[in-house]
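Architecture at a glance
Residue-level listing of the chains:
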Amino acid sequence: MLKVGILGGGQLGLMFVQNALSYPIEIHILDPNPEASCANFAHRFVVGDFNDEQTVLDFAKDVDIVGIEIEHVNLEALKKLKAQGKTVIPDPEVLEIIQDKGIQKDFYLKHNIPTAPVQDENTFPVVQKLCRGGYDGKGVQVLTEENKDKKWSEDSVFETLADIKLELAVIIARNAAGETAIYPVVEQVVNPTYNLLEYLLIPARINDDIAERAKEVALQVVDAFDEPGIYAVELFLNNDNSIWVNETAPRVHNSGHATIEASASSQFDMMLRVLLNLPLGSTEMTSKAAILNIIGAEGHEGNAKVEGLDDLMKIPGAAMHWYGKKITKPGRKMGHATFTAQTYEEIIKQIDEVKPVLKSTT
């Protein structure tokens, strides 16, 4: 039986395992947290640091295929595993570009991919992005003349502040033969307090021309990487209708969660197909859909519980995904709810009904 090893056991790993258990394979997970989301679901769960080279090599010794659910993993170990003949997806060379936002920016510029221009760090306003380690809105800030003293000292990219109309994303699966499957464009609405995704709509509320251009730009990114994988390309649609690539994740992504309920093949199923080199699934949508992230409430830090579940479950077609994290804290992603309907109006009404009451507390 094929053995698939995944570096990372958080919520993305959990949703991947939930799908993968339907297949005749073994899933092995490496994560430093003994209480990680998928600790009790994998065939084999190993507690260990996925940033430590030897730990990753030891973990992957007996698996056939290596994948990730987080990009901040040891690169040298993955290069050695690839050299041993193991299938490693994403390719270590792709991951090396993604892990450093400075290298990622240079990659876009080299391949003539539209992206925010690089800007002098002392010309305001300017966006500062830490080159390494950022996630879920962390590691990004807007500097102005008034707050310029808050500039981080770590290696960073400085770029022009986008004039954003909408934040979009496109999930693309690419197999070893270079074939691709492209999901509809996602519209992302960001929580202004925590600078992370609050809710999304798929397909996005944009016209066909913009949707096609967004897909073309995202595909330009994936073709430039020229390696198999799941790619989440985050985009800015500016007020002049130009489209810029913000950044790319070489893995399943928060922006693709609605595909579990609303696509013929979810992003997690597609990830498995790519890892096993099976035919790509269908990205056809069965309905319009949305997800609402369940975020830790202000003033609550400790043992987690969820409020508002009864209200959610009264809604036809609503689904709950709880990530199994034992501790909640303000701004932490604890789960998400999915809504499916035939109209945007119906979905927005459902989100508005649930958003005030569905939350993680102590």
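The structure reproduced in this document is the subject of the present report. This is a predicted model, so every value here is computed, not measured.

A few words on the pattern of salt bridges. Within this structure, the stated rule accounts for 18 salt bridges. The partner of K80 in a salt bridge is E53, with the nearest N and O atoms 2.5 Å apart. Within this pair, whereas K80 is found in helix α3 (residues 75-83), its partner E53 is found in helix α2 (residues 53-60), the two being separated by 27 residues in sequence. The class of E53 is partly exposed, set by a relative accessible area of 25%.

Turning next to the sheet that holds strand β8 (residues 156-159). In space, the three strands of this open sheet follow the order β7-β6-β8, with antiparallel pairing throughout. Of all the strands in the sheet, the pair left with one neighbour each is β7 (140-143) and β8. Sheet twist, expressed as the mean angle between neighbouring strand axes with direction ignored, is 25 degrees. Pairing of strand β6 (residues 126-130) with β8 involves four bridges; the strand directions are antiparallel. In the strand pairing of β8, V127 is matched with E159. Those strands touched by helix α5 (residues 101-110) are β6 and β8, and its axis lies near 45 degrees from that of β8.

Another point: the sheet that holds strand β4 (residues 65-68). The strand order across the open sheet built from five strands is β3-β2-β1-β4-β5, with neighbouring strands paired in parallel fashion. Both outer strands of the open sheet, β3 (44-47) and β5 (87-88), are each paired with one neighbouring strand and no more. Across two bridges, β4 lies against β5 in parallel orientation. Pairing of I65 across the sheet is with T87, part of β5.

This brings us to the side chain of K129. Tracing the backbone through its elements, the reader meets K129 in strand β6. Polar contacts involving the side chain of K129 include one to the side chain of N246, which spans 2.5 Å. Non-local contacts of K129, meaning those with residues more than four positions away in its chain, are made with K101, G139, V140, D155, S156, V157, E159, N246 and E247.

α5 packs onto helix α4 (residues 92-99) with a crossing angle of 105 degrees between their chain directions and a minimal axis gap of 5 Å. The angle between α4 and α5 falls in the class roughly perpendicular. Residues E96, I97, I98 and Q99 of α4 lie in contact with α5, whose contacting residues are K101, I103, Q104 and F107. Per-class residue counts for the contact of α4 with α5 are four nonpolar, two polar and two charged.

This next bit is on the environment of D310. Locating D310 in the fold gives a position in helix α9 (residues 309-313). For the pair D310 and K359, spaced 49 residues apart in sequence, the C-alpha separation works out to 12 Å.

The next subject is the nonpolar core. One finds V4, F16, I27, I230 and L275 to be the most contacted residues of the largest nonpolar core, which totals 31 residues. Contributing elements (two or more residues each) for this core: β1 (3-7), α1 (11-20), β2 (26-31), β9 (164-174), β13 (229-238) and α8 (267-276). Examining the composition of this core, we find that seven residues originate from one element, α8, more than from any other. The contacts of I27, once residues within four sequence positions are left out, are V4, F16, V17, A20, A42, H43 and R44.

Definitions and cut-offs
Residues numbered from 1 in each chain as written. Predicted model: local features only at pLDDT ≥ 70, side-chain atom pairs only at ≥ 80, totals over all residues. Heavy atoms only, no water. Salt bridge = Lys/Arg side-chain N within 4 Å of Asp/Glu carboxyl O. Helix = DSSP H or I, 4+ residues; strand = E, 2+ residues; numbered from the N terminus. Buried < 20%, exposed > 50% of the residue type's maximum accessible area, 1.4 Å probe, protein only. Pairing = 2+ DSSP bridges. Axes fitted to C-alpha atoms, helices over the stretch in contact; angles between N-to-C directions. Contact = heavy atoms within 4.5 Å. Polar contact = N/O pair within 3.5 Å; in protein donor to acceptor, adjacent residues only side chain to side chain. Parallel < 35°, antiparallel > 145°, perpendicular 65-115°, else oblique. Nonpolar A, V, L, I, M, F, W, Y, C, P; charged D, E, K, R; others polar. Core = buried A, V, L, I, M, F, W, Y, C linked by side-chain atoms within 4.5 Å.

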